Amino acid sequence: MTIPAIDDAWTALHAIDLASLGDLFAGDEGRVAAWSRHAHGITFDFSKTHLDAALGRGFSALAAAADYAGKRDALFAGEVVNLSEGRAATHVAERGQGAPLDNEFAARCHARMRSLVDAIEGGAFGEIESILHIGIGGSALGPDLVIDALGRDADRYDVRVLANIDGEAFDEAVAGLDPAATLVVGVSKTFTTTETLTNLDAAIEWLGGGGVEDPHGQLIAVTAAPDAALAYGIDETRILPFGEGVGGRYSLWSTVGLSIALALGWSAYEELLEGAAEMDRHVRLADDNVALTAAFADLLYAQLKGAETRAVFAYDERLRLLPDYLQQLEMESNGKSATAAGDPLPRKSAPITWGGVGTEAQHAVFQLLHQGSHLVPVEFVAVIEHEDSMDPRHHALLLGNCFAQGAALMAGRAGDDAAHSYAGNRPSMTLLLDRLDARTLGALLAFYEHRTFANAVLIGINPFDQFGVELGKEMARKLDDEAGRASLDPSTRALIERAGL
């Protein structure tokens, strides 16, 4: 097969006419089967997107032109895929799916983590009742999501996750906790993150104020820079390392997941890793790679139809933090204006990810989705089995609402006037989990990682750096001295003066 150049592949895709969703279903009785997949406890229904055979061929040609398969294999082989920083991205090794040396290093770190979990459970730190997990970005979002999703009925430890530097957030995080019975887990890849170290300083003061004689003795550091944690005053026996190639937003699988293991138990944490490993193997080996197909749908709307956003709605309260998690994963990874080679990006980058929880969102933002002038592809995430104590009718109504929203977005309805009309032909994708357990959640989150990677490869960018977050931090540091403040714009200087900083 002749592989087209990337620009030629994009040109061919732009030339394909999109049929309406109604026509796609009317013309193909087998559409649902053709555009649905089931992998590792999750059904992926792409049939309400505008993907069809012609677009499938076009995007497959683009994937070949972009060497998606080669770049995917390079990721799993531990090769340098983060070109701007000259290193591998080794998060798949945390699931045992990377290069042999990376897998071995990750396994050693996990073994050290397991020993520390055993020591905590065995009383080596005293009678610990609560865990204060301090981090920011990926050091907090992943653990917070997993613990909130799976740990609601757990009675092991009361785990609080603190990310915001706002003092109100700190007060809320420690409210009702006994300092003498609280273990503080500080997570920072470099152990230089200002917000995390500021909150750690506050935690030490809180422990000391609560009568703890040796506050540093109740600190655990999780970092890729152990020497920095040692210099901070944390004993080497309480420092958990992880690999330099593990990016923050991909890090919950590493020792960053210590609080997850404490909250859920080690066996649940292993199930989480194995679920992710199963999705890794699917992406690596399956012909019907669901992550790549999802990326095709994403690019159809973001690149071919100019959609600026995509919306994710979790129809399960346990997944309420999923949209927040995906915001960082997708926008920090793929919100770039340069190619992986460092050239200006000739096409749009990732769309803005936003969302909420169903059915609350139906009474808040779905007005725009059904009748607004914006094209917003929608993703529904739901779970078949429920574990709440309510009458099963509650869950049936929840799922019914989820499915009905997708049907309504597609079908639309003509009215007597514009105000009562629904245009329809609005795309959606549904991810339906058989159940929400550690294994299935691991597969779901790994799917999103691989989907993000596939999007990056087809757009032509590097999803593993995040230089865009640095400028604001540099500007904040200018507030520390008069010369720095003088270099700021007049509006910012006026705000600083007004705030009395």
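Anyway, here's the lowdown on the structure attached to this text. Residue numbers here run from 1 along each chain, matching the order of that chain's written sequence. Reporting in this predicted model follows two pLDDT cut-offs: at least 70 for local features of residues, and 80 or more for side-chain atom pairs to be given and counted; totals over whole chains, interfaces and linings ignore these cut-offs and use all residues. With hydrogens and water set aside, each side-chain value is computed from the structure's full complement of heavy atoms.

**Some words on the environment of G424**
What counts is decided by this rule: Helix and strand assignments follow DSSP, with helices taken as H or I runs no shorter than four residues and strands as E runs no shorter than two, numbered in order from the N terminus. Contact definition: two residues touch when any of their heavy atoms are within 4.5 Å.
Turning to its location among the elements, G424 is positioned in the loop between helix 16 (392-411) and strand 11 (428-433). A C-alpha to C-alpha distance of 34 Å links G424 and Y68, two positions 356 residues apart in sequence. With residues near it in sequence (within four places) discarded, G424 still touches L409, M410, A411 and G412.

**Notes on the packing of aromatic side chains**
We count it as follows: Put simply, two rings from Phe, Tyr or Trp (the six-membered ring, in Trp's case) pair if the centres are within 6.5 Å, and we call them stacked under 30 degrees between planes, edge-to-face over 60, tilted for the rest. In our convention, an over-ring charge means Lys NZ or Arg CZ found within 6 Å of a ring centre and within 35 degrees of that ring's normal.
Applying the stated criterion across every chain, the model contains 12 aromatic pairs. Through a chain of ring-to-ring contacts, three or more aromatic side chains come together here, namely F313, Y315, W354, F366 and F380. Across the ring face of F25, the terminal group of R31 is positioned such that the distance to the ring centre comes to 5.5 Å. The ring of W253 has R95 lying over it, and the distance from NZ or CZ to the ring centre is 4.7 Å.

**Notes on the sheet that holds strand 1 (residues 36-39)**
Spelled out, the test is: Whether two strands pair comes down to DSSP finding at least two bridges between them. For helices, the axis comes from a line fit to the C-alpha atoms of the stretch in contact; other axes are also lines fit to C-alpha atoms, and the angle between any two N-to-C directions lies between 0 and 180 degrees.
With mixed pairing, six strands are arranged side by side in an open sheet as 1-2-11-10-8-9. Looking along the sheet, the strands with just one partner apiece sit at the ends: strand 1 and strand 9 (352-357). Geometrically, the sheet is characterised by an average inter-axis angle of 15° between neighbouring strands, direction not taken into account. Examined bridge by bridge, strand 2 (residues 42-45) and strand 11 share four bridges and lie antiparallel to one another. Within the sheet, the bridge partner assigned to F44 lies in strand 11 and is L431. Running at roughly 160° to strand 10 (residues 378-383), helix 16 makes contact with strand 8 (309-315), strand 10 and strand 11 of the sheet.

**Describing the pairing of strand 9**
To keep things clear, this is the line we draw: Here a crossover is taken to be right-handed if, once the strands point away from the viewer, the path from the first strand over the helix to the second is traced clockwise.
The sheet contact formed by strand 8 and strand 9 spans six bridges and is parallel. Residue pairing across strands places A314 opposite V357, the latter belonging to strand 9. Between the parallel elements strand 8 and strand 9, the chain passes through helix 14 (residues 322-334) in a crossover that is right-handed.

**Considering the pattern of salt bridges**
Spelled out, the test is: Throughout this description, the term salt bridge denotes a Lys or Arg side-chain nitrogen within 4 Å of a carboxyl oxygen of Asp or Glu. Each residue gets one of three labels from its accessible area relative to the maximum for its type: buried under 20%, exposed over 50%, partly exposed in between, using a 1.4 Å probe on protein chains only.
Tallied over the full model, the rule gives 27 salt bridges. Linking E449 and R95 is a salt bridge whose minimum nitrogen-to-oxygen distance equals 2.8 Å. Highlighted residues: E449 in helix 17 (residues 438-459) and R95 in the loop between helix 5 (68-76) and helix 6 (100-121), separated in sequence by 354 residues. The pair formed by E449 and R95 is uniform in burial state, with each residue classed as buried. One salt bridge in this structure joins R320 and D148, with 2.8 Å as the shortest N-O distance. In this pair, R320 sits in the loop between strand 8 and helix 14 while D148 sits in helix 7 (residues 138-150), placing the two residues 172 residues apart along the sequence. Looking at D148, the relative accessible area reads 13%, which means it is buried. Linked through salt bridges whose partners overlap, the residues forming this network are D298, R310, E330, E379 and R451.

**Focus: the sheet that holds strand 4 (residues 158-162)**
Strand order in this open sheet of five strands is 4-3-5-6-7, and the pairing throughout is parallel. Across the chains shown, the open sheet's two edge strands, defined by having one partner strand only, are strand 4 and strand 7 (239-241). Sheet twist, expressed as the mean angle between neighbouring strand axes with direction ignored, is 20°. Relative to strand 6 (residues 219-223), strand 5 (residues 182-187) runs parallel, the two sharing four bridges. Counted as the bridge partner of V187 is V222 from strand 6. Across the sheet, helix 6 touches strand 5, strand 6 and strand 7, and the angle it forms with strand 7 is around 155°. Along the sheet face, helix 8 (residues 167-174) touches strand 3 (130-134) and strand 4 and points at about 175° away from the line of strand 4.

**Description of the side chain of N455**
Mapped onto the elements of the fold, N455 is located in helix 17. For N455, a relative accessible area of 9% puts it in the buried group. Not counting the four nearest positions on each side in its chain, N455 is found in contact with A295, D298, L299 and N334.

**What to know about unusual backbone geometry**
The omega torsion across G358 and T359 is 10°, close enough to zero to call that bond cis. In this structure, T359 sits in the loop between strand 9 and helix 15 (366-371). For F191, which is not a glycine, the phi torsion comes out positive at approximately 55°. The topology assignment puts F191 in the loop between strand 5 and helix 9 (194-209). Here the phi dihedral of N425 falls at roughly 60°; this positive angle occurs in a residue that is not glycine. On the basis of relative accessible area, N425 is assigned to the partly exposed category, the value being 35%.

**Some remarks on the pairing of strand 4**
Side chains on a regular strand alternate between the two faces of the sheet. Alignment of strand 3 against strand 4, held across five bridges, turns out to be parallel. The residue bridging H133 from the neighbouring strand is V161, located in strand 4. Note on the crossover from strand 3 through helix 7 to strand 4: the handedness is right-handed.

**Description of the packing of helix 12 (residues 266-285) against helix 17**
This is how it is decided: If an angle is under 35 degrees, it is roughly parallel; if it is over 145, roughly antiparallel; if it lies from 65 to 115, roughly perpendicular; otherwise it is oblique. Helix crossings get a hand from a simple test, with the near helix turned counterclockwise from the far one by less than a right angle marking a left-handed crossing and a clockwise turn marking a right-handed one. Polarity classes work like this: nonpolar for Ala, Val, Leu, Ile, Met, Phe, Trp, Tyr, Cys and Pro, charged for Asp, Glu, Lys and Arg, and polar for all others, with Gly in that last group.
Where helix 12 contacts helix 17, the axes come no closer than 7 Å and their chain directions differ by 45°. One way to sum up the angle between helix 12 and helix 17 is to call them oblique. Between helix 12 and helix 17 lies a crossing whose hand is right-handed. In this structure, helix 12 uses A268, E271, L272, E274, G275, A276, E278, M279, D280 and V283 to contact helix 17, whose residues at the interface are A438, R439, L441, G442, A443, A446, F447 and H450. For the contact of helix 12 with helix 17, the per-class residue count stands at 10 nonpolar, three polar and five charged.

**Observations regarding the side chain of D45**
What counts here: A 3.5 Å cut-off defines polar contacts: any pair of N or O atoms within that distance qualifies, except that in protein one atom must be a possible hydrogen donor and the other a possible acceptor, and neighbouring residues in sequence count only when both atoms are side-chain atoms.
Inspection of the secondary structure puts D45 in strand 2. Side-chain polar atoms of D45 contact the side chain of S47, separated by 2.6 Å.

**Brief notes about the environment of R31**
As for its position among the elements, R31 is in helix 3 (residues 31-34). Its relative accessible area of 2% is what places R31 among the buried residues. Sequence spacing of R31 and E497 is 466 residues, and the spatial spacing of their C-alpha atoms is 62 Å. Contact partners of R31, with chain neighbours within four places excluded, come to L24, F25, F46, S47, T49, H50, L51 and D52.

Note that all results are geometric; they support no functional claim without further evidence.
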